[in-house]
Amino acid sequence: MLIHLFRQYLFKGFSFIAVVLLGDLGVGKSNLLSRFTGTETTEIFATQRIEIDTKIIKTQVWDTAGQERHNALPRTHCRGAVGALLVYDISDRITFENASKIWLKELRDQADSNIVIILVGNKSDLEHCRAVITDEAKVFAIENDLLFIETSALEGSNVELAFRNLLTEIYKIVTARGP
Ligand code: GDP
Ligand code: MG
């Protein structure tokens with residue numbers, strides 16, 4: 001359904017395509033958003049243009065507004081989202097477990113069944129206190145049909161790439177089905 005809408009966007013000129021951030025409080029969602037869009041970390045959503053395969057994709061990224069501390073999100077959070085960044089903190093094992101249980105389940109319940117998800121291990125600069133091995137997260141991602149990347153919102157590493165990989169995958173799905 002949403003992929004269909006996105007196709008209309010690509011081929012007929014829709015406005016923005018929406019992606020959502022979710023994960024535990026403190027994993028760095030707001031910092032990823034502000035790194036990618038250049039806005040303040042207090043914004044609930046922000047937009048950014050990204051060029052994929054010579055097309056400019058206007059992306060609208062939705063952050064949570066602190067509701068994640070209750071381990072639940074308003075049912076509207078994922079409405080209209082074509083992609084999601086499922087974020088955990090590589091130095092905090094609980095956040096990985098919550099991403100793989102609570103937040104992935106929330107996404108599967110709430111979001112469109114075609115939503116494309118990237119698992120994001122943030123705070124990769126905290127290598128000295130890593131609590132989630134990269135390979136473990138990678139295997140989890142493969143088993144659950146998720147993309148995977150590690151980022152550091154603090155250092156800016158891989159942040160743009162995380163969004164780019166997500167949007168490229170969506171783009172591929174859409175264009176594979178033809179106009
Ligand atoms: P949110 O609750 O998921 O939105 O998390 P925030 O973006 O507010 O970040 C929570 C805390 O983690 C803040 O103190 C950030 O400065 C810190 N933080 C965010 N990203 C990184 C990162 O990549 N590395 C490190 N070391 N700290 C980070
Ligand atoms: Mg936040």
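In this report, we go over the structure that sits alongside the text. As the structure is a prediction and not an experimental result, all values here were calculated from the model.

Some thoughts on the site of ligand 1
Inspection of the region around ligand 1 gives 16 residues, with Gly26, Lys29, Ser30, Asn31 and Asp125 positioned closest. Asn122 places a polar side-chain atom, nitrogen or oxygen, 3.2 Å from a nitrogen atom of ligand 1. A distance of 3.1 Å is found between an oxygen atom of ligand 1 and a side-chain nitrogen or oxygen belonging to Lys123. Contact with the protein chains hides 72% of the accessible area of ligand 1, taken as 580 Å² for the molecule alone. The element contributing the most residues to the shell around ligand 1 is helix α2 (residues 29–37), with three residues. Looking at side-chain class alone, the shell around ligand 1 contains five nonpolar, six polar and five charged residues.

Observations regarding the sheet that holds strand β6 (residues 147–150)
One open sheet accounts for six strands, arranged β2-β3-β1-β4-β5-β6; its pairing is mixed. If you trace the sheet from one side to the other, it starts and ends with β2 (45–52) and β6, each paired once. For this sheet, the mean inter-axis angle between neighbouring strands, taken without regard to orientation, is 25°. Pairing of strand β5 (residues 116–122) with β6 involves four bridges; the strand directions are parallel.

Some points on the pairing of strand β3 (residues 55–62)
As judged from the four bridges shared by strand β1 (residues 17–23) and β3, these two strands associate in the parallel manner. Looking at the pairing, Val19 lines up with Val61 of β3. Taken together, the eight bridges between β2 and β3 define a ladder with antiparallel strand orientation. Within β3, the residue paired with Thr47 across the bridge is Gln60. Joining the antiparallel neighbours β2 and β3 is a turn of two residues, in which Asp53 adopts a positive phi near 55°.

What counts and what doesn't
Residues numbered from 1 in each chain as written. Chains lettered and ligands numbered in written order. Predicted model: local features only at pLDDT ≥ 70, side-chain atom pairs only at ≥ 80, totals over all residues. Heavy atoms only, no water. Near = heavy atom within 4 Å. Polar contact = N/O pair within 3.5 Å; in protein donor to acceptor, adjacent residues only side chain to side chain. Areas by Shrake-Rupley, 256 points an atom, 1.4 Å probe, with all protein chains shown as cover. Helix = DSSP H or I, 4+ residues; strand = E, 2+ residues; numbered from the N terminus. Nonpolar A, V, L, I, M, F, W, Y, C, P; charged D, E, K, R; others polar. Pairing = 2+ DSSP bridges. Axes fitted to C-alpha atoms, helices over the stretch in contact; angles between N-to-C directions.

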